[in-house]
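Letter by letter, the chains look like this.
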Amino acid sequence: MAFEKLSSGLQNAITALRKAVVIDKKTVKEYIKEIQKVLLAADVNVKLVFELSKRIEERGLLEKPPGMLTKKENLIKITYEELVKLLGTGEKLEVGDGDKILLVGVQGSGKTTTVAKLGRYFKKKGLHSKLICADTFRPAAYDQLKQLAEEIQVPFYGDSEEKDSLNIIKKGIEKFKKEGLIIIDSEGRHKLDSELMRDINRIYNEIKPDKTLLVLDGTMGQRAGEQAEAFRKSCNVDGVILTKMDGSAKGGGALSACTATNSKVYFMGVGEHIDDFEEFNAERFVSRLIGFGDLQGLLEKAKEVEFDEEAAKRLMSGKFTLEDIYSQIEQMRRLGPMKKVMEMLPFGVKIPKDVLQIQEEKLKRFKIAMDSMTKEEMKNPEIIKRSRIERIAKGSGVKTEEVRELLNYYKKMKKMMKSIGDERKLRRLMRKIGAGFGI
Ligand SMILES: Nc1nc2c(ncn2[C@@H]2O[C@H](COP(=O)(O)OP(=O)(O)OP(=O)(O)O)[C@@H](O)[C@H]2O)c(=O)[nH]1
Ligand SMILES: [Mg+2]
């Protein structure tokens, strides 16, 4: 993978940062210098690199790490966020059967290969891909796509005798009865000549594709941005597919240049084989560059702490309602740490066993019951007496005993929250828990 260098470079910088004893201006500067070196080697635009490093430095030095994150960890989190910003968002290409996709690009950029890759990709997603070869410029184009279509077993239309590409496309669309996802390969020329643009414009205006995707060779590095801009000026490009990202050490440059020119990158070609193709998602991509497992844990930790901080505020205010239980259930995933909070209460707080051992299944039933409650009942559960319990049970299909159980659960939780006491105690507790997580 061409991103190995970029990836190992970033990871080395992060490892060095982790080893640093103190995080001061000097360490941060050294760290940023490393990141700069790595990005410049990947052909990311110098200006972008400096903007990015300035933001990392500023945020790293000024920002208060969210909750329990250390300064170091926050610096890594910031690096991740800024890299995602540099490389674009994670928008998905929305298409379906009945749509037409037109691929455009200069000669040799990888259009024909990508038409087949897209065909396979969408076929795997359950759509009915159909390929049309509209390249009348290069004689071998017809056979190339026909073979690829056979390989991936999707319908193909082309006509090696016809000289007008527009005619071919029209006939192809007719043949496919406007059904399925029609993917059209167009011709390429040596460079961005006006004739190519004129032809593509003509096709575009007649066919009105639902999506026009520009195929760009990733080995161009940051020059990909210029091409993207030129194409967008002369025809309505919806997004970009970067090819040959496997062979290029300049992939980072191509990606960032597309983002910088507001060209959404939807896919990446990462090899000559049909399956060497992936959806581009900046968050996933940067996670992988930095080391996915590592980062995931870190981001989770930042979130967990945010939750605890919020919970702490609410607990302190003494306003614990059914709504809190409801949102807790909604955030089932985050209930784990909450349970830990309760388990680790070291200040002689007695936790009723049944509060801790409440089953997920039961929580789901509670949620259903709460869905039948009024806003007032959720805020002030004390008002829920017998007749209301019966109404809630009837409305939700949950047993009256279960509604009672929920109210009991609520009472116990509230009592427990009260007994935690003051904020200092709670903060101390949270630090302890942090230590338990190995922070
Ligand atoms: N390594 C690698 N090679 C690729 C990738 N995509 C395409 N290629 C190769 O690039 C060359 C050109 O690909 P084509 O699909 O024929 O390019 P094209 O844009 O259709 O070319 P023209 O029709 O001549 O304009 C072929 O040798 C492909 O195998 C990729 O993602 N990685
Ligand atoms: Mg071609």
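Residues numbered from 1 in each chain as written. Chains lettered and ligands numbered in written order. Predicted model: local features only at pLDDT ≥ 70, side-chain atom pairs only at ≥ 80, totals over all residues.

Draft legend 1. Region of interest: the overall build of the protein. Each helix and strand counted, the protein has 20 helices and 8 strands in total. Sorting the 439 residues of the protein into buried and exposed places 38% on the buried side. Residue pairs in contact within the protein that sit at least 24 positions apart in sequence constitute 76% of those at least 6 positions apart. (Helix = DSSP H or I, 4+ residues; strand = E, 2+ residues; numbered from the N terminus. Buried ≥ 20, exposed ≤ 12 C-beta atoms within 10 Å, placed from the backbone. Contact = placed C-beta atoms within 7 Å.)

Draft legend 2. Seen up close, the sheet that holds strand β2 (residues 129-133). Across the sheet, which stays open at both edges, the 8 strands sit in the order β3-β2-β4-β1-β5-β6-β7-β8 with mixed pairing between neighbours. The sheet is open, and its two edges are formed by β3 (156-157) and β8 (277-279), each paired on a single side. Note: strand β1 (residues 100-104) against strand β5 (residues 211-217), 4 bridges, orientation parallel. Each bridged residue has a counterpart across the sheet, and for L102 the counterpart in β5 is T212. Set on the sheet, helix α5 (residues 111-124) makes contact with β1, β2, β4 (181-185), β5, β6 (239-243), β7 (265-269) and β8; between it and β4 the angle comes to about 170 degrees. Across the sheet, helix α9 (residues 224-234) is in contact with β1, β5 and β6; its angle to β5 comes to roughly 150 degrees. (Pairing = 2+ DSSP bridges. Axes fitted to C-alpha atoms, helices over the stretch in contact; angles between N-to-C directions.)

Draft legend 3. Highlighting the site of ligand 1. Neighbouring ligand 1 are 21 residues, the closest being G110, T112, T113, G188 and G269. Residues belonging to the shell around ligand 1 are distributed by class as follows: 2 nonpolar, 12 polar and 7 charged. (Near = placed C-beta within 6 Å. Nonpolar A, V, L, I, M, F, W, Y, C, P; charged D, E, K, R; others polar.)

Draft legend 4. Just unusual backbone geometry, in detail. Notably, D43 is not glycine yet its phi reads approximately 70 degrees, a positive angle. Here D43 shows up in the loop between α2 (25-41) and α3 (46-62). Looking at D43, the number of C-beta atoms within 10 Å reads 23, which means it is buried.

Draft legend 5. Examining the environment of G252 more closely. If you trace the backbone, G252 turns up in helix α10 (residues 251-260). Separated by 246 residues in the primary sequence, G252 and L6 place their C-alpha atoms 7.8 Å from one another. Setting aside its immediate chain neighbours within four residues, G252 contacts L6, L39, A42, D43 and V44.

Draft legend 6. Spotlight on the pairing of β4. Summarising burial for β4: 5 of the 5 residues are buried, a large majority. Both faces of β4 are covered, namely the face carrying L181, I183 and D185 and the face carrying I182 and I184. Relative to β4, β2 is paired through 5 bridges, and the arrangement is parallel. Looking across to β4, one finds that S129 is bridged to L181.

Draft legend 7. Structural detail: the environment of I207. With respect to the element layout, I207 can be found in helix α8 (residues 194-207). Once the C-alpha coordinates of I207 and K170 are considered, the two residues, 37 residues apart in sequence, prove to be 7.7 Å apart. Contact partners of I207, with chain neighbours within four places excluded, come to K100, L102 and I169.

Draft legend 8. How the structure looks around the nonpolar core. Of all hydrophobic cores here, the largest spans 81 residues; its most connected members are L145, V240 and L242. Two domains each put at least three residues into this core: domain 1 (3-87) and domain 2 (100-287). Those residues in contact with L242 that lie beyond four places of it in its chain are L216, G218, A224, A254, L255, V265, M268 and G269. F366, A369, V403 and Y410 belong to the second-largest nonpolar core, a separate cluster that totals 12 residues. (Core = buried A, V, L, I, M, F, W, Y, C linked by C-beta atoms within 7 Å. Domains from an automatic or database assignment.)

Draft legend 9. Region of interest: the confidence of the model for the protein. In this model, the protein carries an average pLDDT of 84, and 81% of its residues clear a pLDDT of 70 or more. Across residues 344-349 the pLDDT falls below 50, and counting only partners more than four positions away or on other chains, this stretch makes 13 contacts in the model. (pLDDT = per-residue confidence, 0-100.)

Draft legend 10. Representation of helix α6 (residues 141-152). Between its terminal C-alpha atoms α6 stretches 17 Å, which fits the 16 Å expected from 12 residues at 1.5 Å a residue. Just past α6, the residue Q153 takes up positive phi, approximately 55 degrees. (Expected span 1.5 Å × (residues − 1).)

Draft legend 11. Structural view of α3. Over its 17 residues, α3 runs 24 Å from end to end, which matches the ideal 24 Å to within 8%, given 1.5 Å per residue. Those residues of α3 lying buried are V49, L52, S53, I56 and G60. All buried residues of α3 project into a common sector of 95 degrees when viewed along the axis, lining one side. Along α3, exposed side chains directed more than 90 degrees from the buried face belong to K47, K54, E58 and L62. (Arc of directions from axis to C-beta.)

Draft legend 12. Local environment of the pairing of β2. Taken across its 5 residues, β2 has 5 buried, putting it largely inside the fold. What you see with β2 is no split at all: S129, L131 and C133 on one side and K130 and I132 on the other are buried throughout. Bridging between β2 and β3 involves 2 bridges; their strand directions are parallel. Following the sheet pairing, L131 is matched in β3 by F156.

Draft legend 13. Molecular detail of the environment of V38. Looking at the element boundaries, V38 is found in helix α2. Sequence-distant contacts of V38, defined by excluding residues within four places in its chain, comprise L6, G9, L10 and A13.

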